[in-house]
Each structure stands twice: as C-alpha cells, then as structure tokens.
Amino acid sequence: MISKASEEYLKTMYILNKQNGNIRVTDIANKMNCSKPSVNKAIYNLKDEGMLNYESYGTIELTPEGENLAKKILEAYDIVYLFLKDVLNLGEDEAENEAERIKLAINDNTINKLAKYVHKVLELSNLDCNYDVNRERCRDCVKRTNIKK
C-alpha cells in the first residue's frame, strides 16, 4: 500500500506518459510544483513498491501494477470531481481543486458509495451491484456486458 503522496506522483506520471509518451523528472517537478529531489525520492519509493521501473538518468516506466493503480486513482478523482461539478454545481476550476484535496482524504469505501450515488443521480449507469473502485467493473456489470455481446 502506497502513501497518498505517492499516489499523487503515480497519477502525475501516468498522465505525463499519456500526454507526452514519456516521463521525465523535470516534467513531474513542474507539474506538481515540487523539487527534483522530492521527485527522485518518490520515484525510488514507487520503484521499491513495484509500481515503476527506473535506472538513474534513465527512462521512467510504469509497471502494469503501477498503471492499474494510477487508473484507479484517476477514476476515484473523477468520481469526486463529477459529484462536485455536476451534483453540487461547482465551477470547473473549483471542482478540480476541491476534488484533488478531497480525494487525498477519503478512503475506498467512501469512494465506492460516492460512485454509486453519482452514477445514480447522473443516470450514467446502475451501480446497485457490488461496485468497487478497486476493480475496473464489478462482477455483475461484467456479466451484463458479456450477455449483451
């Protein structure tokens, strides 16, 4: 289990990789408004946790486990953002800023319940099943998807 701070670094690395096709210490530091030594410390912590591959002055690559966790972190952020923006009607900038802070403070159980609420209110899908943010889709949703094919 990685810290909330490490989650933010991992999320940033995932986003940078998707945007630029690579991940550089300088880009991470600029995006997160922190120092390069802080980024290097986070990189080595994430490497020790098996979330990425990195050799000094080499490329930073997310492992499959790191990429999956980054997707989960982003999904949880998106759920909080949607709640703030579309349910509470906050402006986009305010919703983004608040979602960043709130996501760091709540646990997976709360995210799961919030996801069910958001999806129900916005009529995105029916999550009265056993939805869990730790899985891409719950077992019931996968069954329904397989039946439709």
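Please refer to the structure higher up on the page.
This report concerns the structure included in the present document. (Residues numbered from 1 in each chain as written. Predicted model: local features only at pLDDT ≥ 70, side-chain atom pairs only at ≥ 80, totals over all residues. Heavy atoms only, no water.)

With that settled, the discussion passes to the pattern of salt bridges. Tallied over the entire structure, the rule returns 9 salt bridges. Across the salt bridge formed by lysine 11 and glutamate 100, the nearest N and O atoms sit 2.7 Å from each other. Taken together, the positions of lysine 11 in helix 1 (residues 4-20) and glutamate 100 in helix 5 (residues 92-105) put the pair 89 residues apart, joining distant regions of the chain. (Salt bridge = Lys/Arg side-chain N within 4 Å of Asp/Glu carboxyl O. Helix = DSSP H or I, 4+ residues; strand = E, 2+ residues; numbered from the N terminus.)

With that settled, the discussion passes to the packing of helix 4 (residues 64-87) against helix 5. Taken N-terminus to C-terminus, the directions of helix 4 and helix 5 make an angle of 130 degrees; their axes are 8 Å apart at the nearest point. Judged by the angle between their axes, helix 4 and helix 5 are oblique. The two elements helix 4 and helix 5 meet at a crossing, and its hand is right-handed. Mapping the contact onto sequence places Ile73, Ala76, Tyr77, Val80, Tyr81, Leu84 and Lys85 in helix 4 and Glu92, Ala95, Glu96, Glu98, Ala99, Glu100, Ile102 and Lys103 in helix 5. Of the residues in the contact of helix 4 with helix 5, the class split is 9 nonpolar, no polar and 6 charged. (Axes fitted to C-alpha atoms, helices over the stretch in contact; angles between N-to-C directions. Parallel < 35°, antiparallel > 145°, perpendicular 65-115°, else oblique. Left-handed = near helix turned anticlockwise from the far one by under 90°. Contact = heavy atoms within 4.5 Å. Nonpolar A, V, L, I, M, F, W, Y, C, P; charged D, E, K, R; others polar.)

Functional significance is not addressed by these values, which are geometric in nature.
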